Amino acid sequence: MTEQDVLEKQGTDSAKQARAVGLFLLKRYDDAISAYDELLKQDPENMVFWTNRMLCSAQTDFPDTLFINVMLSNEQFLPAQGDLLLAETFFQMQGNDEALLFVNRVLEKDPDNIDACVLKAKILDKIDASNELFAFMKSIYPRLMKDERVLCLMAFFAVTFWNTRQADYLLKKALKINRNAVLQNDFFYTCLAATDKEDDVVVCAAEALNDRKDNPVIWMALANAYVVLEQYDMANDAFDMLSRLSALSDDMKMEWANVLSKQKEFDRAFDLLSQMKATSDSLFLPIRSNLLAMYEAGLWDKAKEKAFFWRSENPDNPDIGYTVAAILKESWMQPAPRSFVKLICDVDTFDMAERSFKENCYFGTSLLDETLQVLKLPVARSLHVLDAGCGAGAASKILRDFTRPDGVLDGVDISRAALELSDNLGGYDRLEEADLLDFFRSCTEKYDLIVCLDSLYYFPDLTNVFEAAKKALKPNGFLVFTVLAEKTDKVYSLTVDGKFKHNSLYVSNCLKKAALSQKYQTEGILYKDTDDKKDREDINCYIFAARKENNVNQ
């Protein structure tokens with residue numbers, strides 16, 4: 001090969017390299033990959049070419065194990081950009097220690113690499129290394145404060161510490177330096193959202209989309225802003241576009257599903273939730289809510305179809321099995337799973353507490369007061385009283401009168417959240433987190449009065465409950481309780497939301513089997529709907545009082 005041939009080849013190679021870099025900068029990643037493949041045919045050991053090709057590939061597909069292994073086996077030859085790619089990959093995979101190792105290598109080679117500085121700040125924030133993060137930001141800001149990415153990053157941390165004035169100043173400064181770039185920056189939109197500037201998000205995102213329509217950062221910011229602004233049609237469109245540009249996280253799928261539910265697109269919401277990862281409490285609850293909303297909207301067949309599918313995909317999950325049995329109106333002979341009861345009680349605690357203290361909504365305490373007056377229980381006689389399934393403590397004020405001056409009022413509930421609310425009332429001498437049956441069985445002739453308001457509707461057969469409560473009662477002690485009213489000939493039935501209704505005659509027979517003497521029974525409204533919706537019905541209950549007679553052979 002002559003000298004002229006060598007020079008021509010070098011010129012051709014330089015042109016090919018420039019073309020490959022240009023395609024990458026234009027975000028034509030597939031074309032850039034092809035260009036680097038041509039370069040690697042000529043120089044297969046060139047780590048710069050190889051790393052750049054992987055950088056292009058990483059823009060369209062998440063790096064796989066093979067990619068990571070090849071990069072690690074050649075790490076001594078990697079340029080700074082290769083180390084940065086590894087750091088970003090490990091960070092996305094939750095490998096924070098590895099990510100920090102490689103990002104520090106980048107900064108050793110190139111201390112002013114802005115992308116590496118931003119990534120290191122993210123890593124330190126993720127691992128809660130606040131002192132190191134503060135020192136790092138303090139060290140880079142003086143020399144890099146003219147870069148808009150650093151200013152946006154600093155604004156984000158200012159917002160984190162509620163220094164909104166400082167954040168506004170930094171963002172304005174960044175916009176003056178490079179407005180187009182700032183409008184594509186995720187920290188910029190995070191700061192706006194954190195300071196309740198959703199209208200500004202919409203305006204800025206619209207401007208940013210004129211420059212680049214395929215930036216997922218913009219569409220994510222728009223989707224979140226439209227949700228807050230309750231513009232659900234626009235939010236749906238933004239989520240749809242976002243899903244085409246990048247893989248959605250579970251959090252984003254959850255948010256999108258909420259939007260679809262608001263629009264009564266329950267089918268799509270269910271399908272989206274079903275695509276999420278392993279079943280957990282955070283996934284169980286929205287799927288259950290979706291099915292119940294579907295059912296309430298009159299889409300019974302569709303709700304049953306989706307419920308059946310959900311159970312078939314999770315055959316070993318007791319909470320799902322119970323929920324689906326309720327929706328499908330199947331027979332269920334066992335008590336509700338404890339995990340289900342605890343979860344639902346924890347989640348519904350605040351709503352139930354709010355309803356329980358509304359005099360025009362909740363009448364359980366009034367029914368209890370009337371029943372205790374009929375029984376003529378003595379006030380201020382130092383009784384030992386148990387509020388079983390005490391919830392937020394709605395009954396504590398009434399029950400406290402019977403424990404004065406030296407008696408005891410205990411409360412037990414399966415929900416820790418409910419017990420915390422009860423504790424705030426200050427009316428109980430002792431509160432315990434426990435299952436009702438377990439608690440009853442742990443006591444022997446301890447209480448003069450046991451009250452169960454709204455706490456027995458997760459049990460189909462009540463005989464075992466009454467026998468356990470009888471064990472905890474002193475001779476001549478009283479058990480007062482409510483059950484949801486079943487008006488048909490069925491002894492009990494399971495409602496669509498997973499609660500049992502009981503026939504009054506059946507309840508009386510259960511008391512008789514448990515050797516408790518029934519002293520009182522009446523029917524009343526437990527909850528009265530206050531939403532002014534014509535299709536809503538008041539919730540009726542039966543309230544019973546039974547006594548453990550002293551002459552019964554225990």
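Overview of the structure. None of the values given here were measured: they were computed from a predicted structure.

Conventions and cut-offs
Residues numbered from 1 in each chain as written. Predicted model: local features only at pLDDT ≥ 70, side-chain atom pairs only at ≥ 80, totals over all residues. Heavy atoms only, no water. Core = buried A, V, L, I, M, F, W, Y, C linked by side-chain atoms within 4.5 Å. Buried < 20%, exposed > 50% of the residue type's maximum accessible area, 1.4 Å probe, protein only. Helix = DSSP H or I, 4+ residues; strand = E, 2+ residues; numbered from the N terminus. Contact = heavy atoms within 4.5 Å. Axes fitted to C-alpha atoms, helices over the stretch in contact; angles between N-to-C directions. Parallel < 35°, antiparallel > 145°, perpendicular 65-115°, else oblique. Left-handed = near helix turned anticlockwise from the far one by under 90°. Nonpolar A, V, L, I, M, F, W, Y, C, P; charged D, E, K, R; others polar. Salt bridge = Lys/Arg side-chain N within 4 Å of Asp/Glu carboxyl O. Arc of directions from axis to C-beta.

Attention now goes to the nonpolar core. Grouped together as the largest cluster of nonpolar side chains are 167 residues, with contacts concentrated most on Tyr189, Phe440, Ile450, Phe466 and Phe481. Broken down by element, this core gets its largest block of residues, 10 residues, from helix α9 (residues 148-160). In this structure, Ile450 is in contact with Leu386, Ala388, Phe440, Ala469, Ala472, Leu473, Phe478, Leu479 and Val480, ignoring residues within four places of it in sequence. One finds Ala32, Met54, Leu55 and Cys56 within the second-largest nonpolar core, a separate group that totals 15 residues.

The next subject is the packing of helix α7 (residues 114-126) against α9. One can describe the packing of α7 onto α9 by two numbers: an axis separation of 10 Å at closest approach and a directional angle of 15 degrees. On the basis of the axis angle, α7 is roughly parallel to α9. Note on packing geometry: the crossing formed by α7 with α9 is left-handed. Two secondary-structure elements touch here, α7 through Ile114, Asp115, Cys117, Val118, Ala121 and Asp125 and α9 through Arg149, Val150, Leu153, Phe156 and Phe157. Looking at side-chain class alone, the contact of α7 with α9 contains eight nonpolar, no polar and three charged residues.

Before going further, it helps to examine unusual backbone geometry. The linkage connecting Arg404 with the following residue, Pro405, adopts the cis geometry, with an omega of 0 degrees. You can see Pro405 is positioned in the loop between α22 (396-403) and β2 (408-413). A positive phi angle, near 60 degrees, is found at Asp196, a position not held by glycine. Structurally, the position occupied by Asp196 is in the loop between α11 (186-194) and α12 (198-211). Positive phi is not limited to glycine here, since Ala515 has a value of about 60 degrees.

Under the counting rule described, the total for this entry stands at 28 salt bridges. A salt bridge links Arg311 to Glu330; the shortest N-O distance between them is 2.8 Å. A residue pair is termed long-range when its members are at least 10 positions apart, and Arg311 in helix α18 (residues 300-313) and Glu330 in the loop between α19 (318-327) and α20 (338-356) qualify at 19 residues. On the basis of relative accessibility, which here comes to 31%, the residue Glu330 falls in the partly exposed class. Salt bridges here are not isolated pairs; linked through shared partners, they connect Lys342, Asp346, Arg416 and Glu433.

On to helix α16 (residues 266-274). Considered for burial, the residues of α16 that qualify are Phe266, Ala269, Phe270, Leu272 and Leu273. Seen end-on, α16 carries its buried residues on one side only, within an arc spanning 165 degrees. Where the residues of α16 are buried, they touch α15 (250-262), α17 (281-296) and α18.

By themselves, these are just geometric observations and shouldn't be taken as functional.
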